[in-house]
Amino acid sequence: MFGIVRPCAHRLSEGLRVEWTAHLCGLCLALRADHGQFARIVTNYDGLIVSVLTEAQAGLAAGGRRTAGPCPLRAMRTAPVAQGEGARLAAAVSLVLASAKVRDHVADRDGLLARRPVAAAARRVAAGWDRAGARTGAALGFDTALLVDAVDRQTGIETLAGLGTPLLTVTEPTETATAAAFAHTARLAGKPQNAAPLAEAGRLFGRLAHLLDAVEDREADAASGAWNPLTATGTPLAEARRLCDDALHGVRLALREVEFTDGRLVHVLLAHELRRSVDRAFGTSSCSHREGLGLLTPDGSYGPEPGNPYGAPPGNPYAPGSPPPPPQPPRDRRGLIAGCLVWAGLACTCQMCCGSFEDPWSREQRQSPCQSCGDCCEACSCCGDCGEGCCCCGESCGCDC
């Protein structure tokens, strides 16, 4: 899956993690329901933000969740998943986003796409995704022609761009497309007054997506000779970072003007995780998360996180005289084949690389090494209670940060 907003599990509270997974799985299942199994390949992290925005404005309606069956990507567990217009709009947008990505790789002649037969097949697949997205969009009152037109204009703009061309000229088609998608969530939610600020947030989100993709691919594009907006326009990384920081600030300002029923998950994704995406792309983030240690206390030791009933208790539970820990309930082990399927799902979705996961065979809870998840600020239940600030580890940034 692709996308710039990829939160690690340890940075979301349990409730927000369930909500985020519900929207991700809801997007995947909406693609399958409307466009067939193969369409699920375009599931992406950024597309689900459209579903999150719709529900955050309208609130969770009756019938907004259904229980999905076991899936290898969820360690063969059932889960509540989002359904409805928000998930379907996310599916339509994801199809067009994926089409744009395929067209971009074809234009850059990346890998196998440098071969004409493969490139021709990829173009047919992309065109099919455009048509499928248009059908779903039309059913929801959303004209995906805006997105397709942006994709088509992108190639022409890149062809004409050269040294001295303003970088924002190159990002404009992406900005226009994401602005239209964000604004339409206000109409689906029945809050047209939110359309203007959401369009602004979407425009700046599109700018970030384009710039971060260019930054992350800069070295690889230089090695392969592929077109890159930073190299083509002669834009230094310092200027790209300034534009990203300005866009981050603009997204937060725009979201202040939006009327949400429950905007906690939106805030985490578009305020905190979007900032982390910028840090990750520019290599300025560092992981100070200490799994199982809690937060650094004034005396220099690590204690349980505030409000976390599962934090480590004070003292040493294994010291002489301490009661032994309660025995763990027995778990049913999976068979060899079922365990291998679960392992494949965990590995393919990176759940074994960050956060916690259930052992594919023994079902025991295990922790994975986290090497690039950012600092520990949101390891506690960030934005769980906006009345007390966003972060419970000392950085009280408030809910309008």
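Remember, it's a predicted structure, so these values are computed and weren't measured experimentally. (Residues numbered from 1 in each chain as written. Predicted model: local features only at pLDDT ≥ 70, side-chain atom pairs only at ≥ 80, totals over all residues. Heavy atoms only, no water.)

Undergrad: Provide a residue-level description of the overall build of the chain, including the pertinent values.
TA: Broken down by element type, the chain carries eleven helices and six strands. Each of the 401 residues in the chain was classed as buried or not, and the buried ones make up 46%. Long-range contacts, defined as pairs at least 24 residues apart, comprise 66% of the intrachain contacts of the chain with a sequence gap of at least 6. For the chain, the accessible area works out to roughly 19500 Å², and carbon and sulfur atoms hold 57% of it. (Helix = DSSP H or I, 4+ residues; strand = E, 2+ residues; numbered from the N terminus. Buried < 20%, exposed > 50% of the residue type's maximum accessible area, 1.4 Å probe, protein only. Contact = heavy atoms within 4.5 Å. Areas by Shrake-Rupley, 256 points an atom, 1.4 Å probe, with all protein chains shown as cover.)

Undergrad: So what's going on with the side chain of lysine 191? Residues and values would help.
TA: Within the element layout of this structure, lysine 191 appears in the loop between α6 (167-188) and α7 (195-224). The class of lysine 191 is buried, set by a relative accessible area of 13%. In terms of polar contacts, lysine 191 uses its side chain to reach the backbone carbonyl oxygen of glutamine 57, at 2.9 Å. Residues within four places of lysine 191 in sequence aside, it is in contact with Gln57, Ala186, Glu259, Phe260 and Thr261. (Polar contact = N/O pair within 3.5 Å; in protein donor to acceptor, adjacent residues only side chain to side chain.)

Undergrad: Residue-level account of the pairing of strand β1 (residues 65-71), with values.
TA: Judged from the five bridges that link them, β1 and strand β2 (residues 77-82) form a sheet pairing that is antiparallel. Looking across to β2, one finds that alanine 68 is bridged to alanine 79. Counting the residues that bridge the hairpin from β1 to β2 gives five residues, and of these alanine 75 lies at a positive phi of roughly 60 degrees. (Pairing = 2+ DSSP bridges.)

Undergrad: Explain the nonpolar core to me, and be specific about the residues and the numbers.
TA: By size, the foremost hydrophobic cluster in this structure holds 77 residues, and its most contacted members are Leu270 and Leu274. With eleven residues, the top contributor of residues to this core is α7. Not counting the four nearest positions on each side in its chain, leucine 274 is found in contact with Ile4, Val5, Phe205, Leu208, Leu248, Val251 and Leu269. (Core = buried A, V, L, I, M, F, W, Y, C linked by side-chain atoms within 4.5 Å.)

Undergrad: Lay out the side chain of threonine 136 in plain terms, naming residues and giving numbers.
TA: Inspection of the secondary structure assignment puts threonine 136 in helix α4 (residues 116-139). Side chain to side chain, threonine 136 and histidine 35 meet in a polar contact 2.8 Å long. Those residues in contact with threonine 136 that sit more than four places away from it in its chain are Asp34, His35, Arg88 and Ala92.

Undergrad: Could you give an account of the packing of aromatic side chains, naming the residues involved and the relevant values?
TA: Counted under the stated rule, the structure contains three aromatic pairs. Ring centres of tryptophan 20 and tyrosine 45 lie 5.8 Å apart, and the angle between their planes is 15 degrees; on these two criteria the pair is classed as stacked. Of this pair, tryptophan 20 sits in helix α1 (residues 14-35) while tyrosine 45 sits in the loop between α1 and α2 (48-58), and the two are 25 residues apart along the sequence. According to the relative accessible area criterion, tryptophan 20 is buried, its value standing at 11%. (Phe/Tyr/Trp six-rings, centres within 6.5 Å; stacked < 30°, edge-to-face > 60°.)

Undergrad: Outline the confidence of the model for the chain, listing residues and values.
TA: Mean pLDDT over the chain stands at 78; residues scoring 70 or higher make up 74%. Confidence, expressed as mean pLDDT per element, reaches its minimum in the chain at strand β3 (residues 295-296) with 36 and its maximum at helix α9 (residues 237-256) with 96. Counting contacts from residues 286-319, a segment whose pLDDT is below 50, to residues more than four positions away or on other chains yields 43 contacts. Between residues 370-401, whose pLDDT stays under 50, and residues either more than four places distant or in other chains, the model counts 83 contacts. (pLDDT = per-residue confidence, 0-100.)

Undergrad: Requested: an account of the environment of glycine 133, with residues and values cited.
TA: Tracing the backbone shows glycine 133 in helix α4. Assessed through its relative accessible area of 0%, glycine 133 is described here as buried. Discounting chain neighbours no more than four positions away, the residues touching glycine 133 are Ala92, Leu95 and Thr144.

Undergrad: Can you explain the state of the cysteines? Please cite residues and give values.
TA: This structure, assessed with the given rule, holds zero disulfides. Considering cysteine sulfurs only, cysteine 25 is the nearest to cysteine 71, which forms no disulfide, with 6.5 Å between them. Judged by its relative accessible area of 16%, cysteine 71 falls in the buried class. (Disulfide = S-S within 2.5 Å.)

Undergrad: Can you lay out the packing of α1 against helix α3 (residues 85-108) for me, pointing to particular residues and giving the numbers?
TA: One can describe the packing of α1 onto α3 by two numbers: an axis separation of 8 Å at closest approach and a directional angle of 75 degrees. In this view, α1 runs roughly perpendicular relative to α3, as classed from their interaxial angle. Residues Gly26, Leu27, Ala30, Leu31, Asp34 and His35 of α1 pack against Ala87, Arg88, Ala90, Ala91, Ser94 and Leu95 of α3. Per-class residue counts for the contact of α1 with α3 are seven nonpolar, three polar and two charged. (Axes fitted to C-alpha atoms, helices over the stretch in contact; angles between N-to-C directions. Parallel < 35°, antiparallel > 145°, perpendicular 65-115°, else oblique. Nonpolar A, V, L, I, M, F, W, Y, C, P; charged D, E, K, R; others polar.)

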